[in-house]
Every structure is written in C-alpha cells, then in structure tokens.
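Here are the chains, one letter per residue:
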Amino acid sequence: MKVAGLNIHPLKSGRAVPQTTVTVNLDGLAGDRRFMVVGPDGHFITQRELQALAQVEARQIEGGVHLRMNGSELAVRFDPDHRLGVRVWSSDVDAAVADDAVNDTLSGWLARPVKLVHMDEEAERFVGAEWAGAAAAVGFADGFPILVTTNGSLADLNRTLVEKGQEPVGMERFRTNILIDCDEPWAEDLWESLEIAGIIFDLVKPCARCIMTTQDQTTGERIGGNPIQGLAEKRMSADRRVPGVLFGWNAVPRSEGTLRLGDEAKVIRRRNEGWPMKVRPAN
C-alpha cells in the first residue's frame, strides 16, 4: 500500500491544500487546521452552518495566514498578546485573535459577524484520552490530529451511490489528511496501527460523518451525490459511542517525521474484528 494523497486544511472548514511532502508533528500535519473562524462569542463556526467557508483559500505565512475569497485577498498577522477564549466542541482554547479591522473585513466576506483566531505556540488543546489511551494534542480539528481514508472505501461508496441513481463523489468531500491506496473496501476497520516512513499512527476511532460531506468543497453548495445516503446502506454504526454513518478513521501519530506521496504504508497491528455496523432490513 502507498500514500496516494496528503492534504492540509490551514483554515478549519476552508479549502484543502494538497501536499507532496508534509511534516508530521504529534498534534497532526504541520499547518493543518491552525486557523479558525468563530462567532462573536468565541464559538467555532464550520461549513455545517456557514457553507461559504468552502470558498476561502488559506495559506500559512510567517506570523499568520493569507486568505483569499472570490478575488479578494487578506494577509493577517497575529499579535500573540491579543487573545480570545474560544470553544471547539467541548474544548476551551486560549487562542490568538486577529485585530478588529481584519475581523470586520472577514465578516464582510462571509456576510455575518465573525472573528479569526490562530492556534499559535501559546495555545494548546488535548482530546480523546478515552480513545487514544492518553489525551492527544490537536489543533482546531474536530476531534483528533489526523484523518486516514482509503481509495477502496471511496470506490465502494461510489458504487452504492451509482446504484441509487446518484453521482459519485470525490475524496475531497471527506477532508482527509492521509489517503491510502488500498483496493480492499473498508480494510481500515481492522487496522489498529500503521507505519509510514518510520512514523507510527494509531487508528483510534472511526469518523462519524456529517452534512459537510454533501457539500461541494469549492462552492459549499449541497449538490451532487449524497454520501450520507450511500453510507447508510452498510456503514451505519451499531455502537452508541460513535453514532451515525462512518467513513475514515481518526488517527494519533506516536512519533514525528516527514511523509511523502508514494511512501509505503504498512499495517503493523490489526484488530480482531471490525467496527459493528447495523444491518439494514431487506426490501
């Protein structure tokens, strides 16, 4: 098996940035989900409620981030002493916050009051102790440092969608970090640990998918095939700890290093059985 894709998402819910080489830190891929849009109250905002975020391109620069949307551009640098308490799901983070002029401009772009925050070197967040064995460091990702997916599983999902008369979808819908070229559908359910370029990744929890997978990752529109409906055919979790439909696995890196496209991926520990799925009754 090989690494077929590497992606970072500098702005949470912004556009993906494909990589050929990426640094792996203990809190995820370097540059991944280090910036985030929040409401005036500091609560995180994603494409779930603000679809236009899919139109925002972000590129990390020295001391900040460069943003672009519909031909408008904005270079943002952060004062580490200017901070805001923000919330990502159940996590509270003391983040650097952009100045009022930047936030006013971004609010205009997105047509609602927002602020831009940065997970800088002073900020920290730890999650997932019940799944990872110990709390894992993470940026502004929903729950874990890295998401792993496979080509084979996407191909199987698309077969289901086509059978349902829907259009196939691309992997960008799932906002993956590491895409593995593996032909066997859902093989990752049995992978407990992977080794890639000498780095160990523990796959600790399957990823429940939300309405964002139904959105075009260029425009934010809810168009084309509906992965939620396709996954419901055979990927509905039967374990109450992770409700909903599943695609991909959340992973925690146990060491640091560099990944490149084409790197070999080896399964070094396997589970005895896969994740329990609900069986849909026959029609």
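Nothing here was measured: the structure is a model prediction, and the numbers come from that model. (Residues numbered from 1 in each chain as written. Predicted model: local features only at pLDDT ≥ 70, side-chain atom pairs only at ≥ 80, totals over all residues. Heavy atoms only, no water.)

Visitor: Lay out the nonpolar core in plain terms, naming residues and giving numbers.
Guide: Among the nonpolar cores identified, the biggest contains 31 residues, and Ile146, Ile178, Ile180, Ile196, Phe201 and Leu259 are the most heavily contacted of them. Elements supplying a minimum of two residues to this core: strand E1 (2-8), strand E3 (21-25), helix H2 (129-132), strand E14 (146-150), strand E15 (178-181), strand E16 (191-196), strand E17 (199-208) and strand E18 (246-253). Aside from chain neighbours lying at most four places away, what touches isoleucine 180 is Met1, Lys2, Val3, Val148, Thr149, Thr150, Asn151, Trp191, Ile196 and Ala265. In terms of nonpolar packing, the next biggest core, distinct from the first, is built from 23 residues, Leu11, Val102, Leu106 and Trp109 among them. (Core = buried A, V, L, I, M, F, W, Y, C linked by side-chain atoms within 4.5 Å. Buried < 20%, exposed > 50% of the residue type's maximum accessible area, 1.4 Å probe, protein only. Helix = DSSP H or I, 4+ residues; strand = E, 2+ residues; numbered from the N terminus. Contact = heavy atoms within 4.5 Å.)

Visitor: I'd like to hear about the pattern of salt bridges, residue by residue, with values.
Guide: What the rule picks out here adds up to 17 salt bridges. Between arginine 235 and aspartate 189 there is a salt bridge, and its shortest N-O distance comes to 2.6 Å. One end of the pair, arginine 235, is in the loop between helix H4 (227-231) and E18; the other, aspartate 189, is in the loop between E15 and E16, and 46 residues separate them in sequence. A salt bridge links glutamate 192 to arginine 269, with the nearest nitrogen and oxygen atoms 3.8 Å apart. Of this pair, glutamate 192 sits in strand E16 while arginine 269 sits in strand E20 (residues 265-270), placing them 77 residues apart in sequence. (Salt bridge = Lys/Arg side-chain N within 4 Å of Asp/Glu carboxyl O.)

Visitor: Would you mind going over the packing of aromatic side chains in detail, with residue names and values included?
Guide: What the rule picks out here adds up to six aromatic pairs. An angle of 40° between the planes, with centres 6.2 Å apart, marks the rings of tryptophan 131 and tryptophan 275 as tilted. Here tryptophan 275 lies in the segment after E20 and tryptophan 131 lies in helix H2, a separation of 144 residues in the sequence. With a relative accessible area of 13%, tryptophan 275 lands in the buried category. Taken together through their ring pairs, the aromatic side chains of Trp131, Trp249 and Trp275 make up a single cluster. (Phe/Tyr/Trp six-rings, centres within 6.5 Å; stacked < 30°, edge-to-face > 60°.)

Visitor: Break down the sheet that holds strand E7 (residues 64-69) for me, with residues and values.
Guide: Taking strand neighbours across the sheet as the criterion, the three strands line up as E6-E7-E8 in an open arrangement whose pairing is antiparallel. Edge positions in the sheet fall to strand E6 (57-61) and strand E8 (72-77), since each of these pairs with one other strand and no more. Taking each pair of neighbouring strands and ignoring which way they run, the sheet shows an average axis angle of 15°. Contacts between helix H1 (residues 100-110) and the sheet are confined to E7 and E8, with E8 contributing the most and set at about 145° to the helix. (Pairing = 2+ DSSP bridges. Axes fitted to C-alpha atoms, helices over the stretch in contact; angles between N-to-C directions.)

Visitor: Would you mind going over the environment of lysine 115 in detail, with residue names and values included?
Guide: With respect to the helices and strands, lysine 115 occurs in strand E11 (residues 115-118). On the accessibility criterion, lysine 115 (27% relative accessible area) is partly exposed. Apart from the residues lying within four places of it in its own chain, the contact partners of lysine 115 are Met36, Val37, Val38, Pro40, Leu84, Val97 and Asn103.

Visitor: Lay out the state of the cysteines with the relevant residues and their values.
Guide: Using the criterion set out here, one finds zero disulfides in the structure. Distance from the sulfur of cysteine 182, which forms no disulfide, to the nearest cysteine sulfur (cysteine 207) is 18 Å. Overall, the relative accessible area of 8% leaves cysteine 182 in the buried class. Cysteine 210 takes part in no disulfide bond, and the closest cysteine sulfur to it belongs to cysteine 207, at a distance of 8.2 Å. (Disulfide = S-S within 2.5 Å.)

Visitor: An account of unusual backbone geometry is requested, with residue identities and associated values reported.
Guide: Backbone phi values are negative for most residues with the exception of glycine, while trans is the configuration of most peptide bonds. Phi angles above zero are rare outside glycine, and serine 13 is one such case at about 75°. Topologically, serine 13 is positioned in the loop between E1 and strand E2 (17-18). The phi angle at arginine 33 is positive, at roughly 55°, despite the residue not being glycine. Classification of arginine 33 as buried rests on a relative accessible area of 10%.

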